[in-house]
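Summary of the model geometry
One-letter residues, chain by chain:
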Amino acid sequence: MGPDVPLLNEYKQEFFWKRFPQTVLGGPRFKLGYCAPPYVYVHQALLFLTPWLLGGVGTLLYQLQLLQELHAAVLSGLLMFGAAAGIQALAVYSARRSGSVERLGAPNVLADEEEVEFTHCVGPETVRFIAPGKRFGLNVVLHTVLAGVLCGFGTWYVFLGRMTALYGSMGTSLVVYIASWVTLCTAEYSLIVNTATETATYQAQDTYEITPLTRPIYIFTFIAVDLADRFTSPFPELQLASQVLHVLFLFLPLLWALGMLSPLDALLLWGMEQTLVFGLGGSPMSSNLRLLVMFFVSVAVAGCNFFIPSTLGVVLFSVSMGFLLSLDLSQISTLCCAGPRPASGGSLGRRRGATPSPPGSFGWRLGCREALLYLGLLAAAVAEAGLLHHFLAADPPQSPAVTRQRLPIIASYLLLSLFLLCWVLGEIQGAYVCGGVFLNPFYPRGISNVQSFIQSSRGLHVAAVTRRVLLNLVSPFAMIAYLSTDKSLQWLHTASLSVGFTRAFRVVWQNSEESLLQMAVVVAVRLAAGETALPAWDRLGTAVQLLLLGLLSDRVVQFLSKLKFSLAVLVTSWTEKKQRRQAAGALLALNASLSPLLLAVVVLSALLAAPLLPLFTLPVFLVGFPRPQRSWPGQVGTACPCPDSIFYQQMSGSLAVALRRGLAGGALGSLSPGSHFLGRFQDRMVWIMILERGYGYCTVNIKGLELQETSCHTVEARRVDEVFEGAFEKTERLGFTQSLNQHWGNALIPCAALPVRVYSDARNVLSGIIDSHDNLRKLQDDFLKALVFLLLRHCVEKRRGFAWSTEEGPGVGGRKSQSSQPAQSTGNQRVETVIVESNVSSLKLRQDSSSLTSFGDWSDEDDLFGPQQPRRTVALVSTEAQPGQAPLPTGPSLPGSVEMDSLFENMALSALQPLQPLGLGLGLPAVDKGPGAKVFAESSGALPPLHFSCPGSEAFNLPSGWRTAPLLPSRLQQLRHLFPEEWFRFSLGRFAEAAQGAAGDDPTKALQEDRVLRELHALAALSCVVSLGAEASFTSPSYVYRLYCGDVPWTDGLDWLSARKDLYHLTLKAFRFAFKLLFDQASLGPVESPEELFSTLEEYERDWYIGLGAERGWHDSVLQEKPYLFSLGHDLTMGTYTGRVLSLQDQLVQLGRLNGEGVRGQWANLSWELLYATNDDEERYSIQAHPVMLRNLTVQAADPPLGYPIYSSAPLHLPCL
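The structure reproduced in this document is the subject of the present report.

Definitions and limits used
- Residues numbered from 1 in each chain as written.
- Predicted model: local features only at pLDDT ≥ 70, side-chain atom pairs only at ≥ 80, totals over all residues.
- Heavy atoms only, no water.
- Helix = DSSP H or I, 4+ residues; strand = E, 2+ residues; numbered from the N terminus.
- Buried < 20%, exposed > 50% of the residue type's maximum accessible area, 1.4 Å probe, protein only.
- Contact = heavy atoms within 4.5 Å.
- Areas by Shrake-Rupley, 256 points an atom, 1.4 Å probe, with all protein chains shown as cover.
- Core = buried A, V, L, I, M, F, W, Y, C linked by side-chain atoms within 4.5 Å.
- Polar contact = N/O pair within 3.5 Å; in protein donor to acceptor, adjacent residues only side chain to side chain.
- Pairing = 2+ DSSP bridges.
- Expected span 1.5 Å × (residues − 1).
- Phe/Tyr/Trp six-rings, centres within 6.5 Å; stacked < 30°, edge-to-face > 60°.

Details of the overall build of the protein chain
What the protein chain contains, in helices and strands, is 41 helices and 13 strands. Taking all 1217 residues of the protein chain together, the buried fraction comes to 53%. Long-range contacts, defined here as pairs at least 24 residues apart, represent 75% of the contacts in the protein chain between residues at least 6 apart. Of the roughly 53,400 Å² of accessible surface on the protein chain, a fraction of 63% belongs to carbon and sulfur atoms.

Structure, rendered in structure tokens:
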């Protein structure tokens, strides 16, 4: 798509220009898009002005001195309450009347969905259109009462006498009075008549009708300040605030229309988060429930500090609670119900994508070791703080004056040294230094091997361990020592200092790195001042100084990030040709001329900790409404899963382990909740977000982006690769120009390469392999050898108690594919379901087609000579014919086959059972099934017993039903020469020891010479070959592909084979083993000895899953981390067959840090554009590829329903201690 793609399509433009005036006015719909009677507009205008008219009654009576202020306000409120009650009663009555009598008529599907046919000025449809009413009865009462209260207080708030007292001018007061009533009318209309759709939308649905309360709550906030100014002693600052707020009150409709004021739910969460982080020393939480609980607990701790009479008690309580609250207290539940620590965490929580805990790894779960360490740290911190405060800061002093003077100076220099050392050690851990400007000369580059990379990083690893010790163990105690001896503790019983010291003693543990920076600044200011007094600064006290510095540092970092983001949007709107719209020059000129306003917008968004919203991602910037750091209201972990999601689910555990090392060592830079990282490996994109941080842990969310290579995805992925290549590829000479980051303006700054255990995906075109006649001729022999191998192995494992039965579930090590594991059926299920499962695994074609007779499944693109869509076999037809059996999904038959459209319209003619009228066999040729063969007889009594010449042969006996194939003995005898006797004897010898539990040549030789056993296995193997239609050499690649997929054409013995589920599974598995052997021999050379063939098949059984990517077994094998996986595919567009090999290995995943404010800004625009403007066009401008902002990837990573990540983990707890 070009850069001039419409921002909104024509329909959405019309919709937007109808919705936006409604938002500005609070709900009246004066622009409908169709003709409506005049009374519709008149009714809405009267209802909009009703609060003004009723409030004007009170105002007039007050101005005429007939009523006092309070009485006039109460009168206006009562009148508004009555009017609101009347409107709600009329709405309820109309809803009941229209609910009982509905207008009948043919709906016009081409009409606008909002079009209403009005019949009367007070008709039910008119009332419902103007005042839809409330969904809940409680809201009817609450909103009605609130409307009266709002009108009463609003009348009081905007009395002309009050305006004159504030501004001293009658003209100014009149202007403010009129404009203020416009604000009040918009709020009243939205509350009681019809709620406007707000541009500031946080939740996708307003389930509990909270949106109508948003505007009244903001107005009550303004009124509360005015009431405080009225009823308190004269306070100049409060009077000034009242004057300013009265002026700002006039612009509330504009602020609501621009979406700068948060909805109530977002405002509440944002307020609690900001208070918790900057006022109480906590961290943003990974869920709303955790935020709520942590906020109230932290407020309770601050309140206790205010009321504790002793300063020593305050110090001890603050240190202990600060340490405890900085831990991940949710892990206490695991300690309370803790069993033994798992020996292997490979599958711990893997189904939900949770983090596995490696054996013996410290910190992944709260156990005895972790509890002892935390208790030891807590005891040491409390003892240190208590002793130092008692001897050095108590009143009266308990130590010499020299000691009291020198110790703070020593602690100050120690803090400065620790800060500088930790900063340097952390800076050299990443690929870049100095904010991503210069390449790090100490970082290893140009290394792809994991072991070599680890060897080259040994020096950095030592530095990381040193930094970790200094930051997590030394720095907290040094900061506690400094705070415990602070003089301002003597002024503790003030609200500001109580909150300040609660925060200071907690942030020491919650975010040691940030606390060390703030304390270093305080210390540097004091050392720089020397003997010079700084009265205003010193009066604040150390705790309040640290609080202000924490708030200031956060806002400065936000300002710089937002400024970089805004400049990137501005510059690339012109420099990137594909982003250059026709109005790009005008927008640049406008931003340049209004640069002070642009700077003010950036500053305001930073002060409010609100996202900087680029409208449609153009250089038109607005201040988004403040919201929590997570940006989304839903629970973390929602995604749009697809088959590729399993690869992200598999790698999330290993990636979490690697992230733990990177986070703890400082390779990912200074961490704060809200930070975003992007990882890249082959075609996989991993999005990582920091949700929460505390002492010794970090909570993250890992998302996986789609693997489908769309055009936008490819453009941005290519730029990501270029950015990473510039950071991690080795350069010949590292001069000044070569050390500069050529992509510093990009949203992505590379951080580190982390070793992660992932699947490497290799795809090969099989031209020259699958269509080679030499290879296909050898496939039959390999198939028989693999089948003999699996039959013997089945006997051994069955004797050991590990029989492969479909009722056992997934099996050991994920050995069973979907075709060998039909949905955990019970023993009395119909056996034909096995055929369905195997066919469903073949590209899910059966379930996607409607019927065999549907000509819609045919197209000109069908490959007439390639592999055809699977069609139903006799097994399927027989199953459908049985009473009580649900019909099975079907697929189209081969082109050229004849279909019947009468009684047997759902069956292929070639699949019909032979008709037997009057004893005459018509249809397929008659088959002599032998004298003792009943159709599918399972009873062993129907067969003669076997007399083995060796007693040990019983261990390799096959089930009796496996030698009852309905095939002519002469037909099998003709194929007897195909049975590999030498291979059978060799394999039998290798399995004999395992089956008999004893070693020796004599038993093995006796087994190998047992003719009855050999003929038994030959009969079973050849019966399977004939039933599978493989008695002749393979000549067609399409036929090989069909057999590999389990789409077996009908043969004489197919019903018999499919009835023996275990045998069918082994046969299909053997064919897949044979094809994999063909693939390996064509690539690596022929197998030269039986020993090599045996070890190869053992390796397939042990380390490989060979099947199809759509099978359940493939999914389970990936999650169980099977070392290798192989699948065969067919590219219908190219007409080629492909082989796909997944190999599990340690690879370096390159990780970079994203501009967090850029991500939040784009997500804010996404929320506005989809939830308010409803611009869900898949080709809209704001989703097009942007190689600098990574716009398409950012939109993908948003939480559903606005984004579409294919994988999203639950919040993962990563230990970083």
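Once you've had a look at it, read on.
Looking at the nonpolar core
Of all hydrophobic cores here, the largest spans 78 residues; its most connected members are Phe956 and Phe1075. Top element by residues in this core is helix α27 (residues 773–800). It accounts for 13 residues.

Regarding the side chain of arginine 555
As for its position among the elements, arginine 555 is in helix α21 (residues 535–575). Accessibility expressed as a relative area gives 11% for arginine 555, which makes it buried. A polar contact of 3.1 Å, which involves the side chain of arginine 555, links it to the backbone oxygen of alanine 606. Residues within four places of arginine 555 in sequence aside, it is in contact with Gln274, Phe278, Ala606, Leu607 and Ala609.

Observations concerning the pairing of strand β7 (residues 697–704)
Counting buried positions over the eight residues of β7 gives eight, a clear majority of the element. When strand β6 (residues 684–694) meets β7, the two strands line up antiparallel, connected through eight bridges. Paired with glutamate 692 across the bridge in β7 is threonine 699. Counting the residues in the hairpin turn of β6 and β7 gives two residues, including glycine 696, whose phi is positive at 80°. Sheet topology places β7 next to strand β13 (residues 1212–1215); four bridges connect them, and they run antiparallel. Counterpart to cysteine 698 in the pairing with β13 is leucine 1214. Note that β7 and strand β12 (residues 1207–1208) share two bridges and pair antiparallel. Bridging from a neighbouring strand, lysine 703 pairs with serine 1208 of β12.

Observations regarding helix α2 (residues 38–63)
If you check α2, its first and last C-alpha atoms are 35 Å apart, about what 26 residues at 1.5 Å a residue would give, namely 38 Å. Considered for burial, the residues of α2 that qualify are Val40, Gln44, Phe48, Thr50, Pro51, Leu54, Gly55, Gly58 and Thr59. Of the residues trailing α2, glutamine 65 is marked for its positive phi of about 60°.

Considerations on the packing of aromatic side chains
For the structure on display, the rule yields 45 aromatic pairs. Their ring planes at 55° and their centres at 6.4 Å tell us that tryptophan 983 and phenylalanine 1094 sit as a pair that is tilted. Of the two residues, tryptophan 983 is situated in helix α32 (residues 981–996) and phenylalanine 1094 in helix α38 (residues 1090–1103); the sequence distance between them amounts to 111 residues. Note on accessibility: tryptophan 983 and phenylalanine 1094 belong to one class, buried.

Brief notes about unusual backbone geometry
Cis rather than trans, the peptide bond between proline 1200 and proline 1201 has omega equal to 10°. Residue position: proline 1201 is located in the loop between α41 (1191–1197) and β12. Its identity as a non-glycine residue notwithstanding, phenylalanine 616 has a phi of 55°, on the positive side. Turning to its location among the elements, phenylalanine 616 is positioned in the loop between β3 (612–614) and β4 (621–623). On the accessibility criterion, phenylalanine 616 (10% relative accessible area) is buried.

Focus on helix α39 (residues 1112–1119)
For α39, the tally of buried residues reaches six of eight residues, placing the bulk of the element in the interior. Every buried residue of α39 is accounted for by Gly1113, Trp1114, Asp1116, Ser1117, Val1118 and Leu1119. Lining the buried residues of α39 we find α24 (645–665), β8 (748–765), β9 (1104–1107), β10 (1124–1131) and β11 (1136–1154). Among the residues trailing α39, glutamate 1121 stands out with phi positive, at a value near 60°.

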